[in-house]
Amino acid sequence: RGAGDDRTGRSVGRERGRPHSAACACDCVDLLVVNRIEAEMLTGSSEPEAALASLRSEGRSVILTRGADGLSFVAGNGVPRHIPARPVHQVSSHGAGDFFCGALAARLAAGASLEAACRYGAAAAALLVSRQEADRAAITHREVEALLAS
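All values derive from a computational prediction rather than experimental measurement.

How each quantity is defined
- Residues numbered from 1 in each chain as written.
- Predicted model: local features only at pLDDT ≥ 70, side-chain atom pairs only at ≥ 80, totals over all residues.
- Heavy atoms only, no water.
- Core = buried A, V, L, I, M, F, W, Y, C linked by side-chain atoms within 4.5 Å.
- Buried < 20%, exposed > 50% of the residue type's maximum accessible area, 1.4 Å probe, protein only.
- Helix = DSSP H or I, 4+ residues; strand = E, 2+ residues; numbered from the N terminus.
- Contact = heavy atoms within 4.5 Å.
- Phe/Tyr/Trp six-rings, centres within 6.5 Å; stacked < 30°, edge-to-face > 60°.
- Lys NZ or Arg CZ within 6 Å of the ring centre and 35° of its normal.
- Arc of directions from axis to C-beta.
- Polar contact = N/O pair within 3.5 Å; in protein donor to acceptor, adjacent residues only side chain to side chain.

**Q** Describe the nonpolar core, naming the residues involved and giving the relevant values.
**A** In this structure, Ile63, Leu71, Phe100, Leu104, Leu114 and Cys118 are the most contacted members of the largest nonpolar core, which totals 16 residues. Taken together, the elements giving at least two residues each to this core come down to β3 (31-35), β5 (71-74), α4 (96-109) and α5 (114-129). Top element by residues in this core is α5. It accounts for five residues. Once you skip the residues sitting within four places of it in the chain, Cys118 turns out to touch Ile63, Leu71, Phe73, Ile83, Phe100 and Leu104. By size, the runner-up hydrophobic cluster in this structure holds twelve residues, among which are Ala96, Ala123, Ala124 and Leu147.

**Q** So, the packing of aromatic side chains: which residues are in play, and what are the values?
**A** Taken as a whole, this structure holds zero aromatic pairs when the rule is applied. Just above the ring of Tyr120 sits the side chain of Arg107; from NZ or CZ to the centre is 5.2 Å.

**Q** I'd love a proper account of the side chain of Ser61, names of residues and values included.
**A** Within the secondary structure layout, Ser61 lies in strand β4 (residues 61-65). The class of Ser61 is buried, set by a relative accessible area of 13%.

**Q** Go over helix α2 (residues 36-43), please, and point to the residues and values.
**A** When α2 is considered as a whole, its buried residues turn out to be Glu38, Ala39, Leu42 and Thr43. Buried residues of α2 fall within an arc of 115 degrees about the axis and therefore sit on the same side. You can read the cap of α2 off the contacts: a side-chain oxygen lies 3.0 Å from the backbone nitrogen of Ile37, and it is on Asn35. Gly44, located one to two residues past α2, shows a positive phi value of around 80 degrees.

Just distances and angles here, no functional claims.
As structure tokens, this is what we get:
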């Protein structure tokens, strides 16, 4: 997918299904978001913690989405953290990663910390997967905040 800049000047990128040689493209972003399959393709490791460690670099934050297992992230040179998935009845996971990335970027652009933005994105994605496709466009900020507060 593409890369862009949020209002803080950080570049945000998402690699989708690129071979290991795409690692050089990862050097151009301050925040890299990958799912388990993408992380394994880029690092050769199927172990999330090892892939996360391999993808991080000086100053770059990495988020590894893990579906029903939540997500792991590391902010710059910080300590890796894990956010569990919210338990919801899954209707379809189609579009969850893109929805997560959009919600994440919106919160980062609003000035949220990486952890707060990850939690918001995960809650937004949980709402998305629990709905029929026809009802997904109606997800609101208020609903995401309510899920976070529960």
